[in-house]
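Examination of the molecular architecture
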Amino acid sequence: ENVAAEWMLEFACSCLCRHFAEQSGAEFWRWKDVAQALINGLSQIPPHQKKTIYLCQLLIRVAQGKSLGLQFENDQRISPLESALSFWTLLEGEENKLEKLHEDIRRLIQIQIVAVHMENRYFKEAAEALERLFTDSESDKPLRVKLASVIKTKDPYVPLLQSFSYSLLISKIKSYINLFMKENETNFLIQEATKHVASKGLRATALQNRPVEVNENDRSDLETKQRFVLSIILLRDVLGQQHETCKPKSLNNMQNVGKNEVSLAHSRKRQRWTYKEDRELKLGVRKFGVGNWAKILLHGDFNNRTSVMLKDRWRTLSK
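Now for a description of the structure that goes with this document. (Residues numbered from 1 in each chain as written. Predicted model: local features only at pLDDT ≥ 70, side-chain atom pairs only at ≥ 80, totals over all residues. Heavy atoms only, no water.)

For the rest of this paragraph, the subject is the packing of helix 1 (residues 2–22) against helix 9 (residues 166–183). A pair of packed helices is characterised by two quantities: the angle between their axes and the separation of those axes. The interhelical angle for the contact between helix 1 and helix 9, taken along N-to-C directions, is 140°, at an axis separation of 10 Å. With respect to helix 9, the element helix 1 is oriented oblique. Two packed elements cross with a definite hand, and for helix 1 against helix 9 that hand is left-handed. Contacts between helix 1 and helix 9 pair C13, S14, C17, F20 and A21 from the former with I170, I173, K174, I177, F180 and M181 from the latter. A per-class count over the contact of helix 1 with helix 9 returns 9 nonpolar, 1 polar and 1 charged. (Axes fitted to C-alpha atoms, helices over the stretch in contact; angles between N-to-C directions. Helix = DSSP H or I, 4+ residues; strand = E, 2+ residues; numbered from the N terminus. Parallel < 35°, antiparallel > 145°, perpendicular 65-115°, else oblique. Left-handed = near helix turned anticlockwise from the far one by under 90°. Contact = heavy atoms within 4.5 Å. Nonpolar A, V, L, I, M, F, W, Y, C, P; charged D, E, K, R; others polar.)

The next subject is the side chain of Q49. Among the secondary structure elements, Q49 is positioned in the loop between helix 2 (25–40) and helix 3 (50–63). With relative accessibility at 1%, the residue Q49 sits in the buried group. Other than its neighbours up to four places away in sequence, Q49 contacts E6, L9 and E10. (Buried < 20%, exposed > 50% of the residue type's maximum accessible area, 1.4 Å probe, protein only.)

This part covers helix 16 (residues 307–318). For helix 16, spanning 12 residues, the distance from its first C-alpha to its last is 16 Å, which sits close to the expected 16 Å at 1.5 Å a residue. The complete set of buried residues in helix 16 reads S307, M309 and L310. Taken down its axis, helix 16 places every buried residue within 150° of arc, on the same side. (Expected span 1.5 Å × (residues − 1). Arc of directions from axis to C-beta.)

Topologically, V145 is positioned in helix 7 (residues 141–153). Residue V145 is classed as partly exposed on the basis of its relative accessible area of 44%.

What follows is about the nonpolar core. In terms of nonpolar packing, the biggest core is built from 56 residues, with L55, L58, L59, V62 and L147 touching the most fellow members. For this core, the element with the most residues is helix 5 (residues 99–119), which contributes 10 residues. Setting aside chain neighbours within four positions, we find L147 in contact with Q110, I111, V114, L130, F134, L160 and L161. Membership of the second largest hydrophobic core comes to 9 residues, among which are W273, W293, F302 and L310. (Core = buried A, V, L, I, M, F, W, Y, C linked by side-chain atoms within 4.5 Å.)

Next up on the list: the pattern of salt bridges. Within the structure shown, the criterion is met by 13 salt bridges. For E103, the salt bridge goes to R107, with nearest N and O atoms at 3.0 Å. Of the two residues, E103 and R107 are both situated in helix 5; the distance of 4 residues between them amounts to about one turn of the helix. Residue classification places R107 among the buried positions, given a relative accessible area of 17%. A salt bridge links K172 to D104, with the shortest nitrogen-to-oxygen separation between them at 3.4 Å. One end of the pair, K172, is in helix 9; the other, D104, is in helix 5, with 68 residues separating them in the sequence. Overall, the relative accessible area of 25% leaves K172 in the partly exposed class. You can call D104 buried: its relative accessible area is 18%. Beyond isolated ion pairs, a larger network of salt bridges with shared partners links K100, D104 and K172. (Salt bridge = Lys/Arg side-chain N within 4 Å of Asp/Glu carboxyl O.)

In structure tokens, the structure reads:
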């Protein structure tokens, strides 16, 4: 259960990163809920997943950074962006490179903490946040002095705040996300799904983004369905195998059907093809062409069939 939760957390973080970078609002919020639920379910943070968790929390807070009414901390004075800064500090502690990018993002978050308060006419709160943000180090002093002067003007549109805007912060975080994704492109679930598809001989059809005679909306819909089907296949096979490994031997003989791919295939073969399924198969072939069995399976209404079964049935019907 812990291993599966770690896999899903990595996958949720990948989805958060992608939808944050693509500015896909609805999808981002959906995966935010998934990631947050997985994080809340951890009794402790695995050391190898610290960066993953810190990045999820950072993105969630930055995405809602202008909503001062939201509270992520027990201290009601702490804005979403100020809470995000604490997770950025933790992320910096997990890395020993990207110093320039780290410094740029840190400064932008600090500036925007003040800017967001000023945009909402909370000048007193902006001054209080400034006191919490900076230490007495000499390296922080120039920016601290400039921001103090900005707060005194009570003008949220001064050049400093415009030059270091929220959109620039988002852009810098996207740059960090791209680097993070490259380092973590061997995500377990994606890796296993790719191997599974390759082993089933579906790569040419299931992963090929070249639907026949479809517009952009249909292509997007097909790709979404393909990802969904691959996810179901993956979770069924990988987690099913783990369940069989962990199950007491005395129970093995109680659940013969469905415990591996071979027995599942045999159970499917025993199902008679219905008139409705034959009709769906013919319609699919007419629409996508012979050989595009994965696409036909995705779009058709079949009863627990595989693309191989569709191919065999078509051979029978053709005779």
